[in-house]
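Close look at the chain arrangement
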Amino acid sequence: MDKKTEELLEKCANVEDTSIMGTCKGLLKMMADKDVVVEDKEGETYLEMAENLKPNDVSQVLQLALKVRESGDITDVELKNEASRLIRAIEMS
């Protein structure tokens, strides 16, 4: 993990910004709607994650957003833009 990613994850530690939470939910719902799989995860679906999102979950969503943005396998521009929007929102917070 590079330094910039570490800094972003630190910013997520106690995020309570409603716009960031909304962007997280939007990304998760879009991933669910488009049946995107970024990693093998057990338990919750992306939609369940969006419905149950808490401020301390933002770092996990950020990691998903970083994977979506950098993935060569995901070509959906709308999804990549949503991931970038979340990353920028956290950078600016």
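Residues numbered from 1 in each chain as written. Predicted model: local features only at pLDDT ≥ 70, side-chain atom pairs only at ≥ 80, totals over all residues. Heavy atoms only, no water.

This part covers the nonpolar core. Counting residues in each nonpolar core, the largest one holds 29 residues, and the members touching the most others are L27, L28, V58, L62, L79, L86 and I90. Contributions of two or more residues to this core are made by helix 1 (3-12), helix 2 (18-33), helix 3 (46-51), helix 4 (58-70) and helix 5 (77-92). Here L62 is in contact with L8, L9, C12, L86, I87 and I90, once residues within four sequence places are set aside. (Core = buried A, V, L, I, M, F, W, Y, C linked by side-chain atoms within 4.5 Å. Buried < 20%, exposed > 50% of the residue type's maximum accessible area, 1.4 Å probe, protein only. Helix = DSSP H or I, 4+ residues; strand = E, 2+ residues; numbered from the N terminus. Contact = heavy atoms within 4.5 Å.)

Over its 16 residues, helix 2 extends 22 Å from the first C-alpha to the last, a length consistent with the 22 Å expected when each residue adds 1.5 Å. Where helix 2 is concerned, the buried positions are I20, M21, T23, C24, L27, L28, M30 and M31. Looking one or two residues beyond helix 2, the residue adopting positive phi is D35, at roughly 50°. (Expected span 1.5 Å × (residues − 1).)

Bringing the pattern of salt bridges into the picture now. For the structure on display, the rule yields five salt bridges. A salt bridge links E70 to R69, with the shortest nitrogen-to-oxygen separation between them at 3.0 Å. Its relative accessible area of 55% is what places E70 among the exposed residues. By relative accessible area, R69 is classed as partly exposed at 33%. Close ionic contact of R85 with E82 constitutes a salt bridge, the shortest N to O distance being 2.2 Å. Here E82 and R85 lie together in helix 5, a separation of three residues that amounts to about one turn. (Salt bridge = Lys/Arg side-chain N within 4 Å of Asp/Glu carboxyl O.)

Moving on: the environment of L79. As for its placement among the helices and strands, L79 is situated in helix 5. On a C-alpha basis, the gap between L79 and L27 in space is 7.3 Å, while along the polypeptide they are 52 residues apart. Leave out the neighbours within four places in its chain, and L79 touches L27, M30, M31, V36, V68 and I74.

Before going further, it helps to spend a moment on helix 4. Across its 13 residues, helix 4 extends 18 Å between first and last C-alpha, which sits within 8% of the 18 Å expected from 1.5 Å per residue. Within the sequence span of helix 4, burial applies to V58, V61, L62, L64, A65, L66 and V68.

On to unusual backbone geometry, then. Phi at D35 is positive, roughly 50°, even though this residue is not glycine. Here D35 shows up in the loop between helix 2 and helix 3. The exposure class assigned to D35 is exposed, which follows from its relative accessible area of 67%.

So, on to the packing of helix 4 against helix 5. In the contact formed by helix 4 and helix 5, the axes pass within 8 Å of each other and the chain directions differ by 135°. As judged from the angle between their axes, helix 4 and helix 5 are oblique. When you trace helix 4 past helix 5, the crossing you get is left-handed. Of the residues in helix 5, those touching helix 4 at V58, V61, L62, A65, L66, V68, R69 and E70 are L79, K80, A83, S84, L86, I87 and I90. Grouping the constituent residues of the contact of helix 4 with helix 5 by class yields eleven nonpolar, one polar and three charged. (Axes fitted to C-alpha atoms, helices over the stretch in contact; angles between N-to-C directions. Parallel < 35°, antiparallel > 145°, perpendicular 65-115°, else oblique. Left-handed = near helix turned anticlockwise from the far one by under 90°. Nonpolar A, V, L, I, M, F, W, Y, C, P; charged D, E, K, R; others polar.)

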